[in-house]
Amino acid sequence: MATTSVRTLARIVDSPWVRPLGLLVLLIVLWDVTVRLFAIPPYLIPAPIDVIKAFRVEGPMLLAESVPTTLATIGGFLLSAAIGIPLAMLIAGSRTIESYLYPLLVFSQSIPKVAIAPLFVVWFGFGMTPKVISAFLLGVFPVIVSGVQGFKSLDPDMRDLARSMKASWLQSFVMVKLPHAMPAIFAGLKVSVTLAVVGAVVGEFVGSNSGLGFVLQRSIGNFELPTMFAALVLLAAIGVILFWIVDLIERFAIPWHASQRQEFFVTA
Amino acid sequence: MSLSLRMVNAMDEPKARRRLIEVRGLEKTYRTRDGDVPSLKPIDLDIHDGEFVAVVGPSGCGKSTLLKLVAGLIPPTAGAILIEGKAVTEPPDDVGIVFQSPVLLAWRSVLRNVMMPVEVRRLDRASHLERARKLLKTAGLEGFENKYPWQLSGGMQQRTAICRALVHDPKIVLMDEPFGALDALTRERMNLELQRIHQETRKTILLITHSIPEAVFLADRVVVMSERPGTIAAIYDVELPRPRSLEDMGNPVFSALTQTIRGHFYARGHLD
Ligand SMILES: Nc1ncnc2c1ncn2[C@@H]1O[C@H](COP(=O)(O)OP(=O)(O)O)[C@@H](O)[C@H]1O
Ligand SMILES: [Mg+2]
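Thresholds, definitions, all that
Residues numbered from 1 in each chain as written. Chains lettered and ligands numbered in written order. Predicted model: local features only at pLDDT ≥ 70, side-chain atom pairs only at ≥ 80, totals over all residues. Heavy atoms only, no water. Helix = DSSP H or I, 4+ residues; strand = E, 2+ residues; numbered from the N terminus. Rg over C-alpha atoms; globule rule 2.2 N^0.38 Å. Buried < 20%, exposed > 50% of the residue type's maximum accessible area, 1.4 Å probe, protein only. Contact = heavy atoms within 4.5 Å. Areas by Shrake-Rupley, 256 points an atom, 1.4 Å probe, with all protein chains shown as cover. Lys, Arg positive; Asp, Glu negative; His and termini not counted. Charge placed at Lys NZ, Arg CZ, Asp CG, Glu CD. Pairing = 2+ DSSP bridges.

Undergrad: Whenever I open this one, the overall build of chain A confuses me. Can you help?
TA: The helix and strand tally for chain A stands at 10 helices and zero strands. In chain A, the succession of α and β elements from N to C terminus is α-α-α-α-α-α-α-α-α-α. Taking 268 residues into account, the globule formula puts the C-alpha radius of gyration at 18 Å, and chain A, at 23 Å, lies well above it. For the C-alpha atoms alone, the extent of chain A along its principal axes is close to 70 × 70 × 30 Å. Relative to its 268 residues, chain A shows a buried fraction of 41%. In chain A, of all internal contacts separated by at least 6 residues, the share reaching a separation of at least 24 is 74%. Summed over its atoms, the accessible surface of chain A is roughly 14900 Å², and 75% of this surface lies on carbon and sulfur atoms. Averaging the positions of the 18 positive and the 14 negative side-chain charges in chain A gives two centres separated by 5 Å.

What follows is the structure, given as structure tokens:
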């Protein structure tokens, strides 16, 4: 009896989500101890308990505000995928297009998005559009980079194999190139979705009267640090959940991928 | 088992000596940004129907280039390749290729990998599915049809690749160092396997290898190439009766021939 319960406990402790959770709890304890030990005033760093209180009082407001942020994130992310993947295909498919487009894309990455975000407000007004664009601008680059890498990493022998069968462009794309690039594309999508959260918040910082970014801005202005920390926690949660959803889709879309292949091996 | 494989009976023997592949004054120079890379000097070679020809040569001498030219994957700089009298200008239908790495699609099961040429060429599915299963069975892969390539050993993967090259029943099979990545024991087994396939199907096989014993063991003729830009240094007939067994490697004819071929490389450098 006792041994089975110990074993169950051991299995729970060993499961992949317990470890980061344990670390998180440790960090929160450390945070609490630090705040108490050095008597840090709550207008600089609130204690964890203050943040929990803020959740209790302003929970409904925070949850309501996270809806537009999440929607903007998903919108920007989907746009990143819809534009980034075909763009990666074009760049990987043609040296000419690559030589024109790639340097410009890299160059555009060094433009700080926070600096140009107000421009979108001027162009598109307050509301959803500037946030989605801001999320897209941050999210699209990793999709392009990893997509290009995925499409380009095809074994030359594999290309010759398809050609030796007289495969049409569409056949070799659907049967060989696209599936081959999928693991890299998904790696890019996972980075993209977390960056899209940042992009949406940046969009809300500069021109919005809704969303968690707006809450962050306002609570800092009013020295409501517990609320601000609560909003931060919520933002992190949104990022984690979206990342996890993309990860889940990956498992279904490309179950054969190396990072998922552990189960059974045959030798002969 | 041999229902779907092309068998040769005594009646076909005279016809089997007919020239199937003719290589005429074939030259290849790769044009790169750093200048021209001459890879093949004029080559002339005839390969008969049902013949097993092995090509050995130092690395970089243009063996793969020769194979790609025959496969219609790259255009020649000069000269021509004729298959059944027709110039090769695009990948011919009657050819199957095996590369050094198995190049299997990781997202397809073994059976669906073997069926890939059938899908791409839009051949009749039902009859070829039966053929694919038979090929896998004779290759000792029965029961592995629904496994994925990564669940197989290197030798099994390469056997799958060979089945894929044979599935549309091509007259010609081109192989570019197909066993180069395998360990010595697996390699010997694959050699026996390949000999069996050749015996049973009478395919015309062009095998590129850097193993002289492998070439002599398998081939009717061994083509020896010189260093880059490659050309044919010599062609040897292998006068050993078939089927050959691994013990035949101790045969004086076998040792004498491998020794002679080896002499070509030690005269001016190494084989690999
Ligand atoms: N696509 C290519 N572009 C330029 N040079 C090439 C290309 N492919 C092969 N070569 C050159 O041609 C020569 C012959 O190559 P290859 O046929 O692969 O030799 P082998 O298969 O005998 O080792 C080598 O010197 C190689 O560098
Ligand atoms: Mg080679």
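Undergrad: Would you mind going over the pairing of strand β3 (residues 52–56) of chain B with me for this structure?
TA: A regular strand places its side chains so that they alternate between the two faces of the sheet. Residues and elements named next belong to chain B. Of all five residues that make up β3, five are buried, and the element is covered over most of its length. On β3, burial covers both faces: Phe52, Ala54 and Val56 on one face and Val53 and Val55 on the other are all buried. Two elements, β3 and strand β8 (residues 204–208), share four bridges in a ladder whose sense is parallel. Across the sheet, the residue bridging to alanine 54 is leucine 207, located in β8. Where β3 lies against strand β9 (residues 221–225), four bridges are found, and the strand directions are parallel. The residue of β9 that forms the bridge with valine 56 is valine 224.

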